[in-house]
Amino acid sequence: MDWSNLGGEGPAGLIAERVLANDVADYIRFRAVCRLWRLRSVDPLSRALDCRFLPRRWIMLDKAAPPRCRRFLNLSTGECIRTDLPELESHTLVALAPGGLLLLLHQRTLLLRLLNPLTRHLTDLPPVTALLTPEQLRSWHSDGGLEDDPLLARGVGLASATTVALFLCRPKLIAVAKPGDECWAVVVADKNRPYIDSALPFAGRFYCAIGGSVMVLDSSPSSDQIMEGGRGWSPPLSRASPCISPGCQELFTLWTMVGS
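As the structure is a prediction and not an experimental result, all values here were calculated from the model.

### So, the pattern of salt bridges
- What the rule picks out here adds up to nine salt bridges.
- The partner of Arg-29 in a salt bridge is Asp-26, with the nearest N and O atoms 2.9 Å apart. Of the two residues, Arg-29 and Asp-26 are both situated in helix α2 (residues 24-31); the distance of three residues between them amounts to about one turn of the helix.
- Note that Glu-79 and Arg-29 form a salt bridge whose closest N and O atoms lie 2.6 Å from each other. With a gap of 50 residues between them, Glu-79 in the loop between β2 (69-74) and β3 (80-84) and Arg-29 in helix α2 connect regions that are remote in the sequence.
- When salt bridges that share partners are traced, they join Asp-26, Arg-29 and Glu-79 into one network.

Rendered as structure tokens:
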């Protein structure tokens, strides 16, 4: 049987959709069969932050030889694979995103990048320079790196389909950016509120705990309602004080989610 004929008017496109709905790793294997099958399926490199192509079920384990090789475990099937990631030779691993992406820092330029370890796609984000403390900047300028004073990221993920949110511990802030932006937009909580305790992306939104409240980072200030557990909430809108550098065009707000 000539399996490549599935890529013509056959069911290859439908099969690709069903394979992708199961797992992006199987989808990559499907596309590797032949050129015709690749033509009948969407290239994951063209949809960098599309949630369908994120390695959602995979987590990175400890190092495996050689040094730039990493092991990944599928939490659903128990499958373990090894992937060669040459990007680790010129970048420092800063944080793991819950969606399976790796946040990398290019030590020479301080550019932040998101790496999909299965598709090997790198998403360029703005440099972290404007977010560093004066001590970190001095360390970078004098030593050409941040090895002695690492970038402490405690949360990274998608705040929308095209927006990446980053939670840093030093200095304590949440910043957002889109691929192609020149700089990060820093979202600062109300001065009367306690500092940010933690942050976690979930289902395409970015949540954080501030004092006794759970808040969600929202990129559509025109919205006047959010949903929690199937119920509609109309909370008072708590606007953060945006610190926007030239080149950042959008304002982001933190919406308080407090149950009654």
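Moving on from the model shown.
### A look at the pairing of strand β14 (residues 213-218)
- With five of its six residues buried, β14 lies for the most part within the structure.
- Sheet topology note: the strand β13 (residues 205-210)/β14 ladder contains five bridges and is antiparallel. Pairing of Tyr-207 across the sheet is with Val-216, part of β14.

### Some thoughts on the nonpolar core
- The biggest cluster of nonpolar side chains holds 28 residues, and the ones touching the most others in it are Leu-103, Leu-112, Leu-131, Leu-166 and Trp-184.
- Counting residues per element, the ones that place at least two in this core are β4 (91-96), β5 (102-106), β6 (111-116), β8 (153-158), β9 (164-169) and β10 (172-177).
- In contact with Leu-166, other than residues within four places in its own chain, are Leu-103, Leu-112, Leu-131, Ala-153, Gly-155, Val-156, Leu-173, Ile-174, Ala-175 and Trp-184.

### Considering the pairing of β6
- The element β6 is extensively covered by neighbouring structure, given that five of its six residues are classed as buried.
- Relative to β6, β5 runs antiparallel, the two sharing four bridges. Residue pairing for β6: Leu-105 is matched across the bridge by Leu-112.
- Between the end of β5 and the start of β6, which pair antiparallel, lie four residues, with Leu-110 showing a positive phi angle near 65 degrees.
- Pairing between β6 and strand β7 (residues 121-127): five bridges, direction antiparallel. Of the residues in β7, the one forming a bridge with Leu-114 is Thr-123.
- What sits between β6 and β7 in their antiparallel hairpin is a turn of four residues, with Arg-120 showing a positive phi close to 65 degrees.

### Focus on the packing of helix α1 (residues 12-22) against α2
- Where α1 contacts α2, the two axes come as close as 6 Å, and the packing angle between them is 150 degrees. The orientation of α1 relative to α2 falls into the category roughly antiparallel. In this structure, α1 uses Ala-12, Ile-15, Ala-16, Val-19, Leu-20 and Asn-22 to contact α2, whose residues at the interface are Val-24, Asp-26, Tyr-27 and Phe-30.
- When grouped by side-chain class, the residues that make up the contact of α1 with α2 number eight nonpolar, one polar and one charged.

### Section: the sheet that holds β4
- The sheet built from four strands is open, its strands ordered β4-β5-β6-β7 with antiparallel pairing. Among the strands making up the open sheet, the edge pair consists of β4 and β7. Direction aside, neighbouring strands of the sheet carry axes that sit 30 degrees apart on average.

### Describing the packing of aromatic side chains
- Using the criterion set out here, one finds two aromatic pairs in the structure.
- With a centroid separation of 5.8 Å and an interplanar angle of 50 degrees, the aromatic rings of Tyr-27 and Phe-53 are classed as tilted. Of the two residues, Tyr-27 is situated in helix α2 and Phe-53 in the loop between α3 (35-39) and β1 (58-64); the sequence distance between them amounts to 26 residues. With respect to burial, Tyr-27 and Phe-53 carry one shared label: buried.

How each quantity is defined
- Residues numbered from 1 in each chain as written.
- Predicted model: local features only at pLDDT ≥ 70, side-chain atom pairs only at ≥ 80, totals over all residues.
- Heavy atoms only, no water.
- Salt bridge = Lys/Arg side-chain N within 4 Å of Asp/Glu carboxyl O.
- Helix = DSSP H or I, 4+ residues; strand = E, 2+ residues; numbered from the N terminus.
- Buried < 20%, exposed > 50% of the residue type's maximum accessible area, 1.4 Å probe, protein only.
- Pairing = 2+ DSSP bridges.
- Core = buried A, V, L, I, M, F, W, Y, C linked by side-chain atoms within 4.5 Å.
- Contact = heavy atoms within 4.5 Å.
- Axes fitted to C-alpha atoms, helices over the stretch in contact; angles between N-to-C directions.
- Parallel < 35°, antiparallel > 145°, perpendicular 65-115°, else oblique.
- Nonpolar A, V, L, I, M, F, W, Y, C, P; charged D, E, K, R; others polar.
- Phe/Tyr/Trp six-rings, centres within 6.5 Å; stacked < 30°, edge-to-face > 60°.

In short, geometric facts, not functional conclusions.
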